[in-house]
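# Structure at a glance
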Amino acid sequence: MATEAMVSPVRTPVRAVRSELTQQRARAARWFLLPMMIALLVVAGWPLLRSIWFSFTDASLNNLYGAEWIGLGNYLRWQVLESSGTVRYRGLLVDPAWWNAVWNTVRFAFWSVLWETVLGMIVALVLNAEFRGRGIVRAAILIPWAIPTIVSAKMWSWMLNDQFGILNDLGMRLGLLSQKVAWTASAETAMTAVLVVDIWKTTPFMALLILAGLQMIPKDIYEAAEIDGVHPVKQFFKITLPLVRPALMVAIIFRVLDALRIFDLIYVLTPNSDATKTMSVVARENLFDFDNFAYGSAQSTLLFLIIALFTTLYIWLGRVNFDGGSR
Amino acid sequence: MASIELRNVRKSFGLVDVIKGVDLEVRKGEFMVFVGPSGCGKSTLLRLISGLEDITSGEMLFDGQVVNHLAPSKRGIAMVFQSYALYPHMTVYENMAFGLTLEKGKDKDEIRRRVEKAADMLQIRQYLDRLPKQLSGGQRQRVAIGRAITRDPRVFLFDEPLSNLDAALRVATRIEIAKLHEEMDNVTMIYVTHDQVEAMTLADRICVLRDGLVEQVGTPMELYERPDSIFVAGFIGSPKMNFITGEKADRFSCNTLGVRGEHMQVRDDGIWEGTVIHTENLGADTYIYLEMGQEEPVVVRLEGAQDYPSGSTVRVSPDESKLHRFDASGKPMR
């Protein structure tokens, strides 16, 4: 249809001989990357490979270096009972405690990221509007994110305390509760408690990432929309949301990765509760508390694979563009 | 088609008064250009008419009806922005149709017909499926104009639509806008620019603004021939009018004498003598800059290519019928 010469992307043929300048640049880039690659190899690559290797051995805490290769035994092994001929499966893949942790983690990740996205978007939209004292509010909203997780977890665990907690006290005084609730200890409310604290803590982070995306949207297209007579709600869904989507997708993936390996908050707020134990928590338990170092390594490896799977799926399904800008 | 009337319109942002009481009438079907230096309030005035800004006091009437608090979309206007303001995630077609699809009771065929008609007028039909980022600046601006046409407005507003285009494209688009005005002779157009050439070439009438006040309103030739103040005289016309003061002006019994470069001749018996400090040869014209003991060099515009070496002495005479005499307050003496 288009007959005129246009700015359409014309693929330039790959030149066989690269110019000297290009080569020089590539060389410089490699040198600049080298320290980072070494650091990553030492602090991330090596421990990761080591964990994966341990997961195929019978390592224990007091016998790390004498560990012997046992193949996939930590993941799945079976035994045929001679008496009845039935097969008994054992190992990580058939461990209900593990799958409970997986389910807890996924549930936690889903609900926390969902709420953080919705609330973060609302906060970002408010902060994107111009009002007096916006700078102070922007700084203030970051406070929950700035507090170390251990501190905020402890703080919330006192607020949620069944005997002395301010939330129970308030609920009783206002007549919202008929009796004090052990928010963090009871199996029904533990996950909700953890979710509330995580959402409180992380919404500001989400809001800030979304706000950065919102500020990239030129103001004048809202004026054009105003003249087109686009209702504000429609403006949000037809203009703001599609345009902030790239930033939003990146923000969500950051949060999903974080949420899938959640550890500290749950470890402090609801220790030892089956209702909230996540993959990281059970992996640590096995690694250090139960002296199942190899088994814990297998869990860590599986955790790594699950996160990798989620990320791949997400990037593929959402077609996230990390270069910024819209597709 | 609408006539627009502004009655003592004022606009303040906080403590800053930007529009300080403007009375103005824009006639039906007229092409009105607001022109003035940056910060004179011309864009603000346009935004007040569009409804994107609320007026602080005064009255704004469209066809005799007060529209002070009417939303932009209800005023029957369309606006073309300097930055195009296209929706980056929508195709050209969607950009143009977006406003219409939101109106109730518009069927798809009707929308398509209107978009295609506008696209044909601007020769952008082959780009309807593209995204704005796949278009050049000039094409984007045409899409923005197309979007405005599709709205079928009573009033067309242009906010410096050519500022982001390069010189050649600016001239081409200027001509297209002039053609558009001829084709859509029932639409009132208001156009903001700081470029007096655009103002002179496009306008039925020009409104010169200065410091939030109307300095003069008139046809381009009225402003050129009978400026109401030194400010207008200096703003309209290129090269800028020469202002001569001191003894030379006293001879013509005025405080400041205004002479346009094209109204001076080089003659051996010229009444003024000056030293050539610079020559600009444009092919069709030559501008010579003369040092004559004035605050600024005096520009003389001569036809054709001419050669006056720097440092040579030249005598010039003004065309006495084309002189502009101003008193000490900057008002013309006629």
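Every chain's residues receive numbers from 1 upward, in the order its sequence appears when written. Written order decides the labels, with chains lettered from A and ligands numbered from 1. Reporting of local features is limited, given that this is a predicted model, to residues whose pLDDT is at least 70; pairs of side-chain atoms are given and counted only at 80 or more, and all residues count toward the totals for whole chains, interfaces and linings.

### Observations regarding the overall build of chain A
What counts, and what does not: The numbering of helices and of strands both runs from the N terminus, where a helix is a DSSP run of H or I of at least 4 residues and a strand a run of E of at least 2. Radius of gyration here is computed from C-alpha atoms only, and the compact-globule reference equals 2.2 Å multiplied by the residue count raised to the power 0.38. Burial in this document is a count-based property: other C-beta atoms within 10 Å of a residue's C-beta are tallied, and the residue is buried at 20 or more, exposed at 12 or fewer, or partly exposed in between, with C-beta positions derived from the backbone. By the convention adopted here, residues make contact when the C-beta atoms placed from their backbones lie within 7 Å.
The secondary structure content of chain A amounts to 12 helices and 2 strands. Beginning at the N terminus, the succession of helices and strands in chain A can be written as α-β-β-α-α-α-α-α-α-α-α-α-α-α. The globule rule puts the C-alpha radius of gyration for 327 residues at 20 Å, and the 26 Å found for chain A is more than 25% above it. Considering chain A as a whole, with its 327 residues, one finds that 29% of them fall into the buried category. Taking contacts inside chain A between residues at least 6 apart in sequence as the whole, the part at least 24 apart equals 66%.

### As for the overall build of chain B
A tally of regular secondary structure across chain B gives 9 helices and 18 strands. A buried classification covers 40% of the 334 residues belonging to chain B. Relative to all contacts within chain B whose residues are 6 or more apart in sequence, the contacts with residues 24 or more apart total 63%.

### A few points about the packing of helix α7 (residues 187-215) of chain A against helix α9 (residues 232-260) of chain A
Residue and element names in this part refer to chain A. Note the following rule: Only the contacting stretch of a helix is used when fitting its axis, a line to C-alpha atoms as for every element, and angles between N-to-C directions run 0 to 180 degrees. Orientation labels follow simple angle bins: below 35 degrees gives roughly parallel, above 145 gives roughly antiparallel, 65 to 115 gives roughly perpendicular, and whatever is left gives oblique. Should the near helix be turned anticlockwise from the far one by less than a right angle, the crossing is left-handed, and should it be turned clockwise, the crossing is right-handed.
Their axes nearest at 8 Å, the elements α7 and α9 cross at an angle of 155°. If you check the angle between α7 and α9, you find them roughly antiparallel. For the pair α7 and α9, the crossing hand works out as right-handed. Only V244, A247, L248, A251 and R255 of α9 make contact with α7, whose side of the interface consists of T202, M206, L209, I210, A212, G213 and L214.

### Some points on the domain arrangement of chain B
This is how the line gets drawn: Per the annotation, domain bounds derive from an automatic or database assignment of domains.
Here the domain parsing of chain B yields domain 1 (4-227) and domain 2 (239-326). Its C-alpha centre places domain 1 of chain B at a distance of 38 Å from the equivalent point of domain 2 of chain B.

### Observations regarding the interface of chain A and chain B
To keep things clear, this is the line we draw: Lys, Arg, Asp and Glu make up the charged group, whereas Ala, Val, Leu, Ile, Met, Phe, Trp, Tyr, Cys and Pro make up the nonpolar group; the residues left over, Gly among them, are polar.
The interface is formed by 19 residues belonging to chain A together with 19 residues belonging to chain B. Contributing elements (two or more residues each) for the side of chain A that touches chain B: α8 (220-228) and α9 of chain A. Ranked by the residues each element gives to the side of chain A that touches chain B, the list is headed by α8 of chain A, at 7 residues. Grouping the constituent residues of the side of chain A that touches chain B by class yields 11 nonpolar, 3 polar and 5 charged.

### Topic: helix α2 (residues 92-102) of chain B
With 8 of 11 residues buried, α2 of chain B lies mostly within the body of the structure. Taken together, the buried positions of α2 of chain B are occupied by V92, Y93, N95, M96, A97, F98, G99 and L100 of chain B. Among the structural elements, α8 of chain A together with α3 (108-122) and α4 (137-150) of chain B are those in contact with the buried residues of α2 of chain B.

### Brief notes about α9 of chain A
Rules: Working rule for helices: expected span equals 1.5 Å times residues minus one. Note on bend: at a given residue it equals the angle between the axes fitted to the 7 residues ending there and to the 7 starting there.
When the terminal C-alpha atoms of α9 of chain A are compared, their 35 Å separation across 29 residues is substantially less than the 42 Å that a helix rising 1.5 Å per residue should span. Approximately 55° is the largest bend angle found in α9 of chain A, and it occurs at R245 of chain A, with the proline P246 of chain A only one to four residues beyond.

### Considering the nonpolar core
Nonpolar side chains tend to gather and get buried jointly when the protein is soluble and globular. We count it as follows: The term nonpolar core refers to a set of buried Ala, Val, Leu, Ile, Met, Phe, Trp, Tyr and Cys residues connected through C-beta atoms within 7 Å.
Residues I210 of chain A together with V33, F34, A144, L157 and I190 of chain B are the most contacted members of the largest nonpolar core, which totals 142 residues. When residues in this core are grouped by element, the largest group, 10 residues, is from α7 of chain A. Of the residues that make up this core, three or more belong to each of domain 1 (4-227) and domain 2 (239-326) of chain B.

### Things to note about the sheet that holds strand β14 (residues 272-281) of chain B
Residues and elements named next belong to chain B. Here is the rule we go by: By this definition, two strands are paired if DSSP reports at least two bridges between them.
Overall, antiparallel pairing links the 5 strands, which are arranged β13-β17-β14-β15-β16 in an open sheet. Two strands lie at the open edges of the sheet, namely β13 (264-266) and β16 (298-303), each paired on one side alone. Between one strand and the next, the sheet's axes are offset by a mean angle of 45°, whatever the strand orientation. Across 6 bridges, the pairing between strand β15 (residues 285-291) and β16 is antiparallel. The partner of Y289 across the bridge, within β16, is V299.

### Digging into the environment of E110 of chain B
Of note, E110 of chain B is situated in helix α3. On the basis of neighbour count, E110 of chain B is assigned to the exposed category, with 11 C-beta atoms found within 10 Å.

### Some thoughts on unusual backbone geometry
Residue and element names in this part refer to chain B. The omega torsion across S238 and P239 is 0°, close enough to zero to call that bond cis. Looking at the element boundaries, P239 is found in the loop between α8 (230-235) and β11 (242-244). A positive phi angle, near 45°, is found at E160, a position not held by glycine. Here E160 is to be found in the loop between β7 (155-159) and α5 (167-183). A residue is classified by how many C-beta atoms lie within 10 Å of it, and E160, with 20 of them, is buried.

### Considering the packing of helix α11 (residues 279-289) of chain A against helix α12 (residues 293-318) of chain A
Residues and elements named next belong to chain A. For the pair α11 and α12, the least separation of the axes is 7 Å and the interaxial angle reads 160°. Between α11 and α12, the angle falls in the class roughly antiparallel. Considering the relative orientation of α11 and α12, their crossing is left-handed. Within the contact between the two elements, α11 uses M279, S280, V282, A283, N286 and L287 and α12 uses F293, Y295, G296, Q299, S300 and L303. Per-class residue counts for the contact of α11 with α12 are 7 nonpolar, 5 polar and no charged.

### Observations regarding the sheet that holds strand β4 (residues 57-62) of chain B
Residue and element names in this part refer to chain B. As summarised here, the arrangement of the 4 strands in space is β2-β1-β4-β5, forming an open sheet in which the pairing is antiparallel. Looking along the sheet, the strands with just one partner apiece sit at the ends: β2 (16-26) and β5 (65-66). The pairing of strand β1 (residues 4-13) with β2 spans 8 bridges and is antiparallel. Following the sheet pairing, F13 is matched in β2 by V16. Where helix α1 (residues 42-50) meets the sheet, it contacts β1, β2 and β4, and its direction lies at approximately 65° from that of β2.

### Topic: the confidence of the model for chain B
The following threshold applies: pLDDT is a per-residue confidence score from the predictor, ranging from 0 to 100.
Per-residue pLDDT for chain B has a mean of 92; in total, 100% of the residues score no lower than 70. Interface scoring of the predicted complex returns ipTM 0.84; its pTM is 0.79.

### Some points on the pairing of strand β12 (residues 256-259) of chain B
All names here are of chain B. Across the two faces of β12 the burial is the same, with T256 and G258 and L257 and V259 all buried. Sheet analysis places β11 next to β12, joined by 3 bridges and oriented antiparallel. If you follow N242 over to β12, its bridge partner there is V259. Note that β12 and strand β18 (residues 324-326) share 3 bridges and pair antiparallel. Looking at the pairing, G258 lines up with H324 of β18.

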